[in-house]
Amino acid sequence: MKMFMCSWIGKLWICLSMLVLFSGVTNAQFTNTPALFIVADAANPNAAEVNIIARLENMGFSVTTLGMNETSDAAAEGMSLVLISATVSSGTVAANMPGLKDLPIPVINWEPALYDDLGFQATGTGEFNTTTIEIIKADHPLAGGLPEGPVEISYSEKGVSYGTPEGDPIIIAVNPNDPSQIVHFGYEKDAPMAVGNAPARRVGTFLLNNVADDMTDDGWALFDSSVVWAMGLSTSVKNQSRNVPSDFVLYDNYPNPFNPVTYITFSVPIQSRVRLSVWNTLGEKVATLVEEVKPAGRYTSVFNASEFSSGVFFYKLEAGPYTMTKKMLLLK
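From a predicted model like this one, the values you see are computed outputs, not experimental measurements.

## Observations regarding the packing of aromatic side chains
We describe a pair of aromatic rings using the distance from one ring centre to the other and the angle between the two ring planes.
Here is step 1: Under the counting rule described, the total for this entry stands at 15 aromatic pairs.
Here is step 2: Aromatic side chains Phe-30 and Phe-61 sit 4.7 Å apart centroid to centroid with 25 degrees between the ring planes, which places their arrangement in the stacked category. A residue pair is termed long-range when its members are at least 10 positions apart, and Phe-30 in the loop between helix H1 (8-22) and strand S1 (33-39) and Phe-61 in strand S2 (residues 61-67) qualify at 31 residues. Side by side, Phe-30 and Phe-61 carry an identical accessibility label, which is buried.
Here is step 3: Site record: aromatic cluster; members linked through ring pairs are Tyr-115, Phe-120, Phe-185 and Tyr-187.

## Some thoughts on the sheet that holds strand S16 (residues 297-304)
Here is step 1: In spatial order, the strands read S12-S13-S16; together these 3 strands make up an open sheet with antiparallel pairing. Edge positions in the sheet fall to strand S12 (249-250) and S16, since each has one partner strand and no second.
Here is step 2: Note: S12 against strand S13 (residues 261-268), 2 bridges, orientation antiparallel. Residue Leu-250 lies in a different strand from S13, and its bridge partner there is Phe-266.

## Remarks on the pattern of salt bridges
Here is step 1: Tallied over the full model, the rule gives 10 salt bridges.
Here is step 2: With its nearest N and O atoms 2.7 Å apart, the salt bridge here joins Lys-158 to Asp-213. Of this pair, Lys-158 sits in strand S8 (residues 158-162) while Asp-213 is found in the loop between strand S11 (202-204) and helix H4 (217-230), placing the two residues 55 residues apart along the sequence.
Here is step 3: Judged by relative accessible area, Asp-213 falls into the partly exposed class, the value being 33%.
Here is step 4: Between Glu-292 and Lys-294 there is a salt bridge whose closest N-O contact spans 3.9 Å.

## Looking at the sheet that holds strand S4 (residues 107-109)
Here is step 1: If you trace the 9 strands from one edge of the open sheet to the other, you get S2-S1-S3-S4-S11-S10-S9-S6-S7, paired in mixed fashion. In this open sheet, the two edge strands, each paired with only one partner strand, are S2 and strand S7 (149-152). Sheet twist, expressed as the average angle between the axes of neighbouring strands with direction ignored, equals 25 degrees.
Here is step 2: Bridge count between S1 and strand S3 (residues 81-84): 4 bridges; the pairing is parallel. Paired with Phe-37 across the bridge in S3 is Leu-83.
Here is step 3: Against the sheet, helix H2 (residues 47-59) engages S1, S2 and S3, with an angle of about 155 degrees to S2.

## Concerning the packing of H2 against H4
Here is step 1: At a minimum axis distance of 12 Å, the contact between H2 and H4 shows a crossing angle of 55 degrees. Classified by the angle their axes make, H2 and H4 are oblique. Judged by the sense of rotation from one axis to the other, the crossing of H2 with H4 is right-handed. Counting all contacts with H2, which are made through Asn-51, Ile-52, Arg-55, Leu-56 and Met-59, the residues of H4 involved are Trp-220, Phe-223, Asp-224 and Val-227.
Here is step 2: Residue classes in the contact of H2 with H4 are distributed as 6 nonpolar, 1 polar and 2 charged.

## Examining the environment of Tyr-115
Here is step 1: Take Tyr-115: it is sitting in the loop between S4 and strand S5 (126-130).
Here is step 2: When the C-alpha positions of Tyr-115 and Gly-163 are compared, they lie 7.4 Å apart, and in sequence the two are 48 residues distant.

## Points about the environment of Asn-46
Here is step 1: Secondary-structure assignment places Asn-46 in the loop between S1 and H2.
Here is step 2: For Asn-46, a relative accessible area of 25% puts it in the partly exposed group.
Here is step 3: For the pair Asn-46 and Asn-210, spaced 164 residues apart in the sequence, the C-alpha separation amounts to 7.7 Å.
Here is step 4: The residues touching Asn-46, leaving out its near neighbours within four places in the chain, are Thr-87 and Asn-209.
Here is step 5: Only 3.1 Å separates the side chain of Asn-46 from the backbone nitrogen of Ala-48, close enough to count as a polar contact.
Here is step 6: Polar contacts involving the side chain of Asn-46 include one to the main-chain amide nitrogen of Glu-49, which spans 2.8 Å.

## Details of the confidence of the model for the protein chain
Here is step 1: On average, residues of the protein chain score 86 in pLDDT, and 88% of them reach the 70 mark or higher.
Here is step 2: For the protein chain, per-element mean pLDDT is lowest for H1, which scores 37, and highest for S3, which scores 98.
Here is step 3: Every residue in residues 1-28 scores below 50 in pLDDT, and together they form 42 contacts with partners more than four places removed in sequence or on other chains.
Here is step 4: The model gives residues 234-242 a pLDDT under 50, and that stretch makes 33 contacts with residues more than four places away or in other chains.

## Some points on the side chain of Asn-280
Here is step 1: Along the polypeptide, Asn-280 turns up in the loop between strand S14 (272-279) and strand S15 (285-294).
Here is step 2: Take Asn-280: its relative accessible area is 14%, and that puts it in the buried class.
Here is step 3: Of note is the side chain of Asn-280, whose polar atom sits 2.9 Å from the backbone nitrogen of Leu-282.

## Regarding the side chain of Gln-121
Here is step 1: Assignment of secondary structure puts Gln-121 in the loop between S4 and S5.
Here is step 2: Within the local environment of Gln-121, its side chain forms a polar contact with the backbone oxygen of Thr-123, the two atoms lying 3.0 Å apart.
Here is step 3: Engagement of the side chain of Gln-121 in a polar contact is seen with the backbone nitrogen of Thr-164, the distance being 2.7 Å.
Here is step 4: Once you skip the residues sitting within four places of it in the chain, Gln-121 turns out to touch Tyr-115, Asp-116, Gly-163, Thr-164, Pro-165, Glu-166 and Ala-194.

Procedures and definitions
Residues numbered from 1 in each chain as written. Predicted model: local features only at pLDDT ≥ 70, side-chain atom pairs only at ≥ 80, totals over all residues. Heavy atoms only, no water. Phe/Tyr/Trp six-rings, centres within 6.5 Å; stacked < 30°, edge-to-face > 60°. Helix = DSSP H or I, 4+ residues; strand = E, 2+ residues; numbered from the N terminus. Buried < 20%, exposed > 50% of the residue type's maximum accessible area, 1.4 Å probe, protein only. Pairing = 2+ DSSP bridges. Salt bridge = Lys/Arg side-chain N within 4 Å of Asp/Glu carboxyl O. Axes fitted to C-alpha atoms, helices over the stretch in contact; angles between N-to-C directions. Contact = heavy atoms within 4.5 Å. Parallel < 35°, antiparallel > 145°, perpendicular 65-115°, else oblique. Left-handed = near helix turned anticlockwise from the far one by under 90°. Nonpolar A, V, L, I, M, F, W, Y, C, P; charged D, E, K, R; others polar. Polar contact = N/O pair within 3.5 Å; in protein donor to acceptor, adjacent residues only side chain to side chain. pLDDT = per-residue confidence, 0-100.

In structure tokens:
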């Protein structure tokens, strides 16, 4: 696709593009996907929970918010994802959902006192106050494209939750002052836990009561990656399907508009040399996300635009005889 240079035509086209993007694009893969969000009081969610609900709805989810006293195993039936806020009483949720550990759908939980009920560990949970956590495994999708090292997750000091997961957890981030306190981790489906194996993907994360009411872009990148990964997608370049695609396809990125991380999915029906790149409105290539021979399959790559200013970008897939370009909007 020919890139528009700085001209009045290019500027007009950019403005029109931004209007289209502002019209409300969601990830088609999550459109109307049912998600259950368990909080202390569904009639009065706190500011952090309101932000999380809005984030999920922007992803396309159809969110059902239930108070801990109203929830049950039956409430999870028909859902594709369960999220549990730390405002709940762990005892109430465990009593009302005795089948929680065995739910055959993904669960994202940030109430540390539920880690034992979920089978993650026997003891060793808690919280500490901080603005920063430390990424120790950057090469996993749950890291959201963030580098190893300290990451600011909140603009103000907040209590964050931690655990000491057992079995075969994927440990992404820890307390910078005590690496034994795990603040962001996951379990693959069938991975050994402290009790049994994970019946679906599981994520334990740091949000606690109110981190999400003042969360940084990097904090939201970790939340987004938790949702995308839990739902069975990958934020790294990795084959996601056992079925061979029938066509070359470049999908809409998610989320769009985004800040600062978005996910770009593509399919190749045969082994092909693949190049996935990102360009600015001046026709300059700003990133190469993939450049290698890929077997037939469906793949997702992460684009982290934390170093770029707001604006329109293009992502271009070149695979075998196929070339396709789509636009996306970075909003900071």
